[in-house]
Every structure is written in C-alpha cells, then in structure tokens.
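Topology and contacts: notes
The primary structure of each chain is shown beneath.
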Amino acid sequence: MSATAASAVPRAESPGRRALRRFLRHRLAVAGLVVVLAFVLAAALAPWIAPFDPVATSWSRIRKPPSELHLFGTDENGRDVLSRVLWGARASLLAGGLSVTAALTLGVPFGLLAGLAGGWVDTFISRVTDAMLSVPFLILAIALAAFLGPALENAMLAIAISASPIFVRLARGMAMEAKSTEWVEAARALGNPPWRIALAHVLPNIVPPLLVQATLAIAEAIIAEASLSFLGLGQQPPNPSWGSMLNAAQRFLTQAPWMAIYPGLAIFLVVLAINLLGDGLRDALDPRARGR
Amino acid sequence: MQALEVRDLAVTFATERGPLRVLDGISFALPPGRTVALVGESGCGKSVASLAIMGLLPPNAAVEGAIRLEGREIAELPPEERRKLRGADLAMIFQEPMTSLNPVFTAGDQVAEALRLHQGLDRARAQAAAVAMLEAVRIPEAARRARQYPHQLSGGMRQRVMIAMALACRPRVLIADEPTTALDVTVQAQILALLDDMRGETGAAVLLITHDLGVVADHADEVVVMYAGRVAETGPAARVLATPQHPYTVGLLGAAPRLDGPRGTRLATVEGTVPDLADPPAGCRFKTRCPFRVAVCDTAPPLLEVAPGHRAACHRAPLDQLLVAA
C-alpha cells in the first residue's frame, strides 16, 4: 500500500467493521444467519410459542397426520410434533453452543501454550492432541458419553472434549506463526510479559480463524448431539430432542413419516444454515482477501 | 558514565551441528546522547549483538561478557528484571515497519501500551500521552492517526509510530536495527533526521545498526565495524571513514557507491565470502579475503590503537603506506 492510498482512506475502519461490511455482501451467508437466528428465537421462545405441552401424551391422538390442530402431526404417544421440534431446538442449539464454547475454553489455552512455549510442553500437548484426533470425532464422543452415562449434560461434555483437539491444533499452529512475526518481537522488546504476549497480542490476531472453525464445529456438535440422542445417550425421554424423535420415528417410517420428516428437516436446515454462515465468516475474515 | 557499555560480549548458539559462536568477544561503549553505528555485512553478528543487549535471544543462545546499562550490570539479571528494562530504559526499533506493528491494534493503542506497561497510566491518560508522542515524532493530525490501524498507514508513518512506541518511556538507550532499510530513500532521510532530533530531545543514546556507510557518515558519532563476529575497527565515524585502518573497512568503503566518483566504473567488491562461523579460520578472520595478508595473520590480531580513540584489529595497521603502494 502506498502512502497516497493510505491517506486516501477517509476514516478509520476497524477490522471488525470491515469484516461486517464484507459479510453482509455475502447473500447465502446472510440467509444462513437469518435461519440460525430464527431457530435461536424459536428455541428461546418455545415455552410461549409451542401450541402444546411437548411431553403431554394423548391416547386419542396417536400418530395423526398433520392437520390444522397439529401442524406437524402427532407421534406414537399422541404428542404434538411441532411443539416437540420447537422444544427440541433447545437441546440441539444448547448442545451445539455450550459444547463448542467449552471446547474453545479447553482447547485454545492449551494451543496457545503449546505454540508459544515450544519445547517439551509443546511435544506433550501435541502428542495428546494427536492421540485424540486419531479417534474419529463421533466414535470418541459416543465412547465418552457411554462412559459418563446417558444424560444431555454428559453428551455435551463428551462432545466438548471430542471437539477440543481441533482447537488445540489450530491455536497452536497460528500461535507458532505469530511467534515468528516482527510484531511479537516488537511486543517483547516493549517489555510485555509472556502472558500478555499470549493474551493481549497473539489471541486477538487468531480470533478470526478460531471463530470460523467454532461456527463449523457448532454444526458438527448439533449432529453429534442428535446422534447421541438417537442412540439414547443424550436427551432422555420424555424430554424432546431431534435425535431421539428420529429414533422413535424409525419404527413408524411408513405409517407416520411426518414423525421423521420434521425433526430431520430441522437438523438439516440448522446445519446447512450454520455451514453457510461459517463460509461467509471465512470469506469476510480471510486475511488473504484483506483490502477487498 | 556511559549509557551502555558492552565488554567481551560473546554469543554461542547450540545448534544440531554443534556450538556456533556467532559473536566472539566484542566491546564498545555508547556515550549518552550520542549515536554509535554498528556496521558490517549480513551475518557478521550486528543483529545478534542488539538482541543480546535487549535480552531477546532464543533460549538456545548462551551469552557471555558484561552488558552495563548506566553502570549497572544487566547481563546476569533474572528474566523478569530484564523484561522490566525493555521498553522502559532499553528500547528497540526494527527493520520492517510494515510488519512490526500488531495488525489488530490502532497506532495510539500501541504507543499507549508502553506507557501502561511501565508507568502504570490508566487508559485515558495513556492515550492522551500517546497522541502527544505521535505529535512529537511529527505525525500530522496525530489525534486522527492514533485511531487508525497499521494497514492504513504508510511505511514511513509506521516507522514513526515504532519510534514513538520505543521512546514513549524515555529510554536511556535506543537500538535501531536497520530502521530505514525497508523505506524509500526520501523517507529514509526523514526518519534518520527524526531519530537525530529525538535523540537530542530525550538525551537517549542511539545504537544504529546499518550497512549503509552514507548513513554512518551523516548520523553517527562513533562507528564499530564488525566482521565475522569480531570488531574489525572502531573509532570516531569521520576519522574511520576518512582514514580506515582495517582492510575490511577499506573494502567496504570501496564498495559504497559515490555520486562524486568517476562515472562508468564498476563498484569495487570485497572478494570472497564471509567465513563459516562453525569453522572459522585461525588467526585473523579476514585473512581469507585480505589483499595484504602475510604470515603473521595466522595469529589473531589484537585491537590496537592506531590514533587517539581509533583502533583496528590488523597486524598491518596503520595501512597508509600499503594503500599508497596499492
């Protein structure tokens, strides 16, 4: 950038503002954001907008097809599918959001430590990470959930632990890259203590890729929660979860397909929307595309 | 008392090929308010010397010798004490202004950081002081520039911000590691003039690391010429440049382009390459490239005074008769 180009910039545009501007140009990503926000809203307002009690059974309305009264039909115990999908959004989004937050909290500090400290600290953290990454994500989550016992909280913990090594590796790689930059050298020359280098200088610089990875990890965590609940390791009956609803639905796939279609559609939509959102974030925050 | 005094400073890196002694006992002093230039080609140990003084060498580097900051020995201080000196009494600016600023902070934040770290100023007062500092380094519209991010500033502007950061806490010693190498020639001149002015205003001593002899002539009081990890020649800048007493300095001066030299002639080069420091030649390290080499050069030459304050590490110094003959 030449001196004239720099002085032609009329006002200071912060990196965050510029990313927002570029994100808003990305139509699919904005659509994804809208869908995600709609689901978040539905989950938050479930107690008020759900037409029926999601766990109230009714022997007179077993497996009724969609109607004006039950827009998404009813299940094998006569419960309203729409209400269960709305309440189920709570389990799914909570599992996605909380488990990824926990995975970040667990993974990023270890990644920063490994990348910046180097030496045996790095070797130790990296080998543990490699060992965890050598087991497929879902298999590790199932094993941990089975070990911890069937409950939604345990499923979330299992997902968080399984998702953390990817953040360790990402944070470590980016911290190592940052460590060799001149601005870290300059920060050291200014007398910054090591913890301040890590938290005040390196961390803000690696937030964008972490944010993109975290968004995509939420989508994975939602699928993982649905899978665990499908296997009976997540949300426990009678509380609704998209995964356990699918499990119940598979026995009636030909007689009552609506029992499977709506929770399945919900998972599909949320995961697709989050992935679109993540792609948009990646484009908006990509350092190689700076200046566009 | 000297602002900075370095005695027999040696740095050895532990490498896979074995120990590598990149700095082999160099000594020099930095008087307060003066500029001393450290000159030499790439790999001669200039930057290692500056990082050793700052205490910023990687853990595989072993430092020997004395480093005295205003008479106080700092080489043996614990890391935490060394850290407190950095940015406060000892500051450094780097070669690449384009990459030496943290991309996610505004110029003002980066200058304010030094003040918050070392003087415990709160955010608002540090910001106000930072703007004043940016004004001091002649940044126009400092208050507006303080809110801009590095990518919105030109190279010269960024180097001014770096200088403001380094001088914010009024350090006693400023190390400038090739501060203008990455800049346009006109901007170079402005930045060097600014460094001179700031040195006058703050009374800091400046260690200017460069390979540009023109810069040495215009901005340095003293010069230390380094070759392969040792001091080849040292003395008042004007004297060393006018009457060099080490064949290497003679070679460097011959390799510098001059406007008043004869046109159409090729620049002289120093024949050969820098010796491998893993296996340095015995005796004088310059002997492999020296046109005046004789048998005695197989023993290490002492740094001897050839004129008041002017010392050269050459068995054949003074070179005056040899140069006339050549």
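Note that the structure is predicted; figures quoted are calculated from it, not measured. (Residues numbered from 1 in each chain as written. Chains lettered and ligands numbered in written order. Predicted model: local features only at pLDDT ≥ 70, side-chain atom pairs only at ≥ 80, totals over all residues. Heavy atoms only, no water.)

1. Overview of the domain arrangement of chain B
Residue and element names in this part refer to chain B.
- Domain parsing of chain B yields domain 1 (4-89 + 171-324) and domain 2 (102-170).
- Between domain 1 and domain 2, the C-alpha centre-to-centre distance is 30 Å.
- Counting residues at the interface gives 19 residues for domain 1 and 14 residues for domain 2.
- Between domain 1 and domain 2 the total buried area reaches about 1500 Å² when both faces are included, carbon and sulfur atoms providing 65% of it.
- Counting the surface domain 1 buries against domain 2, the share from its top three residues, P171, L194 and M198, is 32%.
- At the boundary of domain 1 with domain 2, the tally comes to 2 salt bridges.
- Here R138 ties to D197 by a salt bridge, and the two come within 3.2 Å at their closest N and O atoms.
- Sorting the residues of the side of domain 1 that touches domain 2 by element identifies α2 (79-85) and α7 (185-202) as the ones contributing at least two each.
- Among the elements that line the side of domain 1 that touches domain 2, the one with the most residues is α7, at 9 residues. (Domains from an automatic or database assignment. Contact = heavy atoms within 4.5 Å. Buried area = accessible area lost by both parts, 1.4 Å probe. Salt bridge = Lys/Arg side-chain N within 4 Å of Asp/Glu carboxyl O. Helix = DSSP H or I, 4+ residues; strand = E, 2+ residues; numbered from the N terminus.)

2. What to know about the side chain of S83 of chain A
All names here are of chain A.
- Relative to the helices and strands, S83 resides in helix α4 (residues 81-117).
- Given a relative accessible area of 0%, S83 falls into the buried group.
- Only 2.5 Å separates the side chain of S83 from the side chain of D80, close enough to count as a polar contact.
- With sequence-adjacent residues up to four places away left out, S83 is seen in contact with A50, P51, F52 and P54. (Buried < 20%, exposed > 50% of the residue type's maximum accessible area, 1.4 Å probe, protein only. Polar contact = N/O pair within 3.5 Å; in protein donor to acceptor, adjacent residues only side chain to side chain.)

3. Some words on the nonpolar core
- Residues V11, I53, V111, V161, I163 and V216 of chain B are the most contacted members of the largest nonpolar core, which totals 107 residues.
- Considering each element in turn, this core owes the most residues, 8 residues, to helix α6 (residues 155-167) of chain B.
- The two domains that each donate at least three residues to this core are domain 1 (4-89 + 171-324) and domain 2 (102-170) of chain B.
- Contacts of V11 of chain B, omitting those with residues within four sequence positions, involve L20, R21, V22, L23, V48, A52, L57, A61, A62 and V63 of chain B.
- Core analysis: the next-biggest nonpolar cluster, separate from the first, contains 33 residues, A19, V270, I274 and L277 of chain A among them. (Core = buried A, V, L, I, M, F, W, Y, C linked by side-chain atoms within 4.5 Å.)

4. Structural notes on the packing of aromatic side chains
- For the coordinates displayed, the defined rule picks out 5 aromatic pairs over all chains.
- Their ring planes at 75° and their centres at 5.9 Å tell us that F39 of chain A and W242 of chain A sit as a pair that is edge-to-face. In this pair, F39 of chain A is assigned in helix α3 (residues 27-49) and W242 of chain A in helix α10 (residues 242-249), connecting sequence segments 203 residues apart. Across the pair, W242 of chain A and F39 of chain A agree in class, each one buried.
- Seen from their ring centres, Y248 of chain B and F286 of chain B are 5.3 Å apart, and the 65° between their planes marks the pair as edge-to-face. Placement of Y248 of chain B in helix α10 (residues 247-255) and of F286 of chain B in the loop between α10 and β11 (304-307) is noted, with a sequence separation of 38 residues between them. For the residue pair Y248 of chain B and F286 of chain B, the accessibility class agrees, reading buried in each case.
- Aromatic rings pair up to connect Y227, Y248 and F286 of chain B into one cluster. (Phe/Tyr/Trp six-rings, centres within 6.5 Å; stacked < 30°, edge-to-face > 60°.)

5. Details of the sheet that holds strand β7 (residues 173-177) of chain B
Residue and element names in this part refer to chain B.
- Strand order in the open sheet formed by 8 strands is β6-β7-β8-β3-β9-β10-β12-β11, and the pairing between neighbours is mixed. In this open sheet, the two edge strands, each paired with only one partner strand, are β6 (90-93) and β11. The mean inter-strand angle of the sheet, taken between neighbouring strand axes irrespective of direction, is 20°.
- In the sheet, β11 pairs with strand β12 (residues 310-312) via 3 bridges, with the strands oriented antiparallel. Each bridged residue has a counterpart across the sheet, and for A307 the counterpart in β12 is H310.
- Lying on the sheet, helix α1 (residues 46-54) is in contact with β3 (35-39), β6, β7, β8 (205-210) and β9 (222-227); it crosses β6 at an angle near 145°. (Pairing = 2+ DSSP bridges. Axes fitted to C-alpha atoms, helices over the stretch in contact; angles between N-to-C directions.)

6. Focus: a nonpolar patch on the surface
- There is a patch of nonpolar side chains on the surface, built from I261, L265, F268, L269 and L272 of chain A and spanning about 450 Å² of accessible area.
- Turning to its location among the elements, I261 of chain A is positioned in helix α11 (residues 258-285). (Patch = residues over 30% accessible without salt bridge, like charges linked within 9 Å, V, L, I, M, F, W, Y side chains within 5 Å. Areas by Shrake-Rupley, 256 points an atom, 1.4 Å probe, with all protein chains shown as cover.)

7. Concerning the sheet that holds strand β1 (residues 4-15) of chain B
All names here are of chain B.
- On the basis of which strands lie adjacent, the open sheet formed by 4 strands has the order β2-β1-β4-β5 and antiparallel pairing. Strand pairing shows two members of the sheet lacking a second neighbour, β2 (18-30) and β5 (72-73), which therefore form its edges.
- Summarising the sheet, β1 and strand β4 (residues 61-69) pair through 8 bridges and their orientation is antiparallel. Pairing of R7 across the sheet is with A66, part of β4.
- Strands β1, β2 and β4 of the sheet are contacted by α1, whose axis makes an angle of about 105° with β1.

8. Some remarks on the UniProt feature "domain: ABC transmembrane type-1" (unreviewed entry) in chain A
- Mapped onto this numbering, the UniProt entry gives "domain: ABC transmembrane type-1" (unreviewed entry) at residues 89-278 of chain A.
- The span residues 89-278 of chain A is 83% helical and 0% strand by assignment, and the distance between its end C-alpha atoms comes to 20 Å. (UniProt positions renumbered as here; feature names shortened; annotations may be inferred.)

9. Some remarks on the UniProt feature "transmembrane region" (unreviewed entry) in chain A
Residues and elements named next belong to chain A.
- As recorded in UniProt, the feature "transmembrane region" (unreviewed entry) lies at residues 28-50, 93-116, 128-148 and 260-278.
- Annotated as 96% helix and 0% strand, the span residues 28-50 places its first and last C-alpha atoms 29 Å apart.
- The distance from the first to the last C-alpha atom of residues 93-116 is 34 Å, and the span holds 100% helix and 0% strand.

10. Topic: the pattern of salt bridges
All names here are of chain B.
- Overall, the coordinates contain 25 salt bridges over all chains when judged by the stated rule.
- One salt bridge connects E73 with R68, and the closest N-O pair in it is separated by 3.9 Å.
- One salt bridge in this structure joins R138 and E201, with 3.6 Å as the shortest N-O distance. On the criterion of sequence distance, the pair formed by R138 in the loop between α4 (123-136) and α5 (142-145) and E201 in helix α7 is long-range, its members being 63 residues apart.
- The exposure class of R138 is partly exposed, given its relative accessible area of 39%.

11. Section: the interface of chain A and chain B
- Each side of the interface is counted separately: chain A has 27 residues, and chain B has 33 residues.
- Interface area, chain A with chain B, both sides summed: about 2600 Å², of which 57% is carbon and sulfur.
- Viewed at the interface, chain B and chain A are joined by 1 salt bridge.
- Across the chain A-chain B interface, the total number found is 13 residue pairs in polar contact (both at pLDDT 80 or more).
- For the side of chain A that touches chain B, the secondary structure elements donating two or more residues are α1 (3-8), α2 (15-24), α8 (182-189) and α9 (194-230) of chain A.
- Considering each element in turn, the side of chain A that touches chain B owes the most residues, 6 residues, to α8 of chain A.
- A class-by-class count of the residues in the side of chain A that touches chain B yields 14 nonpolar, 6 polar and 7 charged. (Nonpolar A, V, L, I, M, F, W, Y, C, P; charged D, E, K, R; others polar.)

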